[in-house]
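Chain by chain, the residues:
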Amino acid sequence: MSYQFRLLQTGYADASFNMGLDMAILDAVASGQSLPTLRFYEWSPPAISLGYFQSVEEEVNLEACKANGDDVVRRVTGGGAVFHDAEVTYSIGIPEDHPLAAASIIESYRILCQGIIDGLRVLGIEAQFAPINDIVVGNKKISGNAQTRRKHCIFQHGTVLLAVKPELMFSLLKVPKEKSRGKMIEDIKAGVTSIETLKGQALRIETVQDALQQGFASALGLEYVDYNIRTQEMKSAKEYAANQFGNSEWTYRR
Amino acid sequence: MSELKVTIKPKGCKLLRVHAQVSDPPTLSSKILSLTVNGDFFAIPEEGFEKIETDLRGFVIGSVGEAFDKMATEERLSLAGISGSAIQEALVAGIEALNSPKQVTS
């Protein structure tokens, strides 16, 4: 069984636009104007994205982000704060009545994350799903994922780490007062891995994206038949960026 | 009115940062005046969770867990990394912290 999908590679953009385009794609998939869609994208400048239920004040060192020129954006999905820098980011949107859509959140993560796992296998990396929303190699996290359901669609986005930069990450994220920055950095080094670490060399983003495309296709039975973003989606993405994701009321709502 | 500010990781849950204003004196019988639960958990639809945060106003702390679970069922929330008992555990920890004798240092 194969499912017709759209495949997009939208390149580098700022955080507000990236989140806006995810929403615009969700709208287009929900309305049936676009096929279920797998998108790959990058962040410029690097950014911190916060989960829907997190507080900027509690999680982000705003002064450091500003000094570093990094964006801060709130996602429409739950989960934790992510530093988007040396990584491949993807999103996938499917209608809730699609055969790939599972009713339970964790089962749905398990199904969609299999695309990442198969993609990593293309690169020679054996990974496993780790509920609720992670993918690990051994006992080290290599991918985090976050999902929501809106407009009768399942929408998931996530990252695969190309490299780990815990010192930089914890200069941008606040450290819980009961833990030291050094301990947090140690914890990350002990609990997180990356493609660079596992392969012993940095891989090009395009190489990893190609592998993940193959992984999603094989794991989920996707047939890519459309590679185009619609004019209306770009317009809508810019509107979301301006009115929601770039709006401080949204960013600081919790 | 007393303010509770608790960061807690209940078993089986994500890290929760619970902020609440409760009626005095701060006990299990205190009423919730306001409640915000931040953290890296999942609650879908997200807006439904925010509605429950508001709707829990007026409930006593000792009944928050059960009330949350009932409302979550009514709102058809899908939850991962959070539960009513976890929120109640956080509130109880906040009450205990408020009522514990302050350490005196010389």
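For the structure itself, look to the data block above.
Only a predicted model underlies this, so the values are computations on that prediction, with no experimental measurement involved.

**Focus on the overall build of chain B**
Part 1 of the argument: Looking only at helices and strands, chain B features three helices and five strands.
Part 2 of the argument: Seen through its principal axes, chain B has C-alpha atoms that stretch 50 × 25 × 15 Å.
Part 3 of the argument: Sequence separation of 24 or more characterises 53% of the internal contacts of chain B that already satisfy a separation of 6 or more.
Part 4 of the argument: Per element, the accessible surface of chain B, about 5500 Å² overall, is 52% carbon and sulfur.

**Quick word on the sheet that holds strand 3 (residues 47–50) of chain A**
Residues and elements named next belong to chain A.
Part 1 of the argument: The strand order 4-3-5 describes an open sheet built from three strands, whose pairing is mixed. Whereas interior strands pair on both sides, the edge strands pair on one side only; in this sheet they are strand 4 (71–74) and strand 5 (82–84). In this sheet, adjacent strand axes meet at a mean angle of 25° when their direction is disregarded.
Part 2 of the argument: Across four bridges, strand 3 lies against strand 4 in parallel orientation. Across the sheet, the residue bridging to serine 49 is valine 73, located in strand 4.

**Topic: the packing of aromatic side chains**
Part 1 of the argument: Within the structure shown, the criterion is met by 11 aromatic pairs over all chains.
Part 2 of the argument: When the ring of A:Tyr41 is compared with that of A:Trp43, the centres are 5.8 Å apart and the planes differ by 45°; the resulting orientation is tilted. Here A:Tyr41 and A:Trp43 have matching classes, each one buried.
Part 3 of the argument: Between the aromatic rings of A:Tyr90 and A:Phe216, the centroid separation amounts to 5.4 Å while the plane-to-plane angle is 50°, which identifies the pairing as tilted. Of this pair, A:Tyr90 sits in strand 6 (residues 87–95) while A:Phe216 sits in helix 8 (residues 205–220); the two residues are 126 residues apart in sequence, bridging distant segments of the chain. Residues A:Tyr90 and A:Phe216 agree in their burial class; the two are buried.
Part 4 of the argument: Three or more aromatic residues joined by ring pairs make a cluster, and in this case those are A:Tyr52, A:Phe53, A:Tyr240, A:Phe245, A:Trp250, B:Phe41, B:Phe49 and B:Phe68.
Part 5 of the argument: Residue placement shows A:Arg39 over the ring face of A:Tyr41; its charged tip is 3.6 Å from the ring centre.

**A closer look at the pairing of strand 2 (residues 37–43) of chain A**
On any regular strand, side chains alternate: one points to one face of the sheet, the next to the other face.
All names here are of chain A.
Part 1 of the argument: Counting buried residues in strand 2 gives seven out of seven residues, a clear majority hidden from the surface.
Part 2 of the argument: With burial as the criterion, each face of strand 2 is covered, one bearing Thr37, Arg39, Tyr41 and Trp43 and the other bearing Leu38, Phe40 and Glu42.
Part 3 of the argument: Note that strand 1 (residues 3–13) and strand 2 share seven bridges and pair parallel. When the sheet's bridge partners are listed, glycine 11 is paired in strand 2 with tyrosine 41.

**A word on the nonpolar core**
Part 1 of the argument: Judged by nonpolar contacts, the single largest core of 53 residues is most densely connected at B:Leu35, B:Val37, B:Phe49 and B:Leu91.
Part 2 of the argument: Looking at this core element by element, the count peaks at nine residues for helix 1 (residues 15–31) of chain A.
Part 3 of the argument: Apart from the residues within four sequence positions on either side, B:Leu91 is in contact with B:Leu4, B:Val18, B:Ala20, B:Ile32, B:Leu35, B:Ile61 and B:Val64.
Part 4 of the argument: Grouped together as the second largest cluster of nonpolar side chains are 44 residues, A:Tyr109, A:Ile116, A:Val137 and A:Ile205 included.

**Re the packing of helix 1 of chain A against helix 9 (residues 231–245) of chain A**
Residue and element names in this part refer to chain A.
Part 1 of the argument: In contact at an axis separation of 7 Å, helix 1 and helix 9 are set at 125° when each is read in the N-to-C sense. As summarised for this structure, helix 1 and helix 9 are arranged oblique, according to the angle between their axes. The two elements helix 1 and helix 9 meet at a crossing, and its hand is right-handed. Of the residues in helix 9, those touching helix 1 at Ser16, Phe17, Met19, Gly20, Leu21, Met23, Ala24, Ile25, Asp27 and Ala28 are Glu233, Met234, Ser236, Ala237, Lys238, Tyr240, Ala241 and Phe245.
Part 2 of the argument: Across the contact of helix 1 with helix 9, the residue classes break down as 12 nonpolar, three polar and three charged.

Rules of the game
Residues numbered from 1 in each chain as written. Chains lettered and ligands numbered in written order. Predicted model: local features only at pLDDT ≥ 70, side-chain atom pairs only at ≥ 80, totals over all residues. Heavy atoms only, no water. Helix = DSSP H or I, 4+ residues; strand = E, 2+ residues; numbered from the N terminus. Contact = heavy atoms within 4.5 Å. Areas by Shrake-Rupley, 256 points an atom, 1.4 Å probe, with all protein chains shown as cover. Pairing = 2+ DSSP bridges. Axes fitted to C-alpha atoms, helices over the stretch in contact; angles between N-to-C directions. Phe/Tyr/Trp six-rings, centres within 6.5 Å; stacked < 30°, edge-to-face > 60°. Buried < 20%, exposed > 50% of the residue type's maximum accessible area, 1.4 Å probe, protein only. Lys NZ or Arg CZ within 6 Å of the ring centre and 35° of its normal. Core = buried A, V, L, I, M, F, W, Y, C linked by side-chain atoms within 4.5 Å. Parallel < 35°, antiparallel > 145°, perpendicular 65-115°, else oblique. Left-handed = near helix turned anticlockwise from the far one by under 90°. Nonpolar A, V, L, I, M, F, W, Y, C, P; charged D, E, K, R; others polar.

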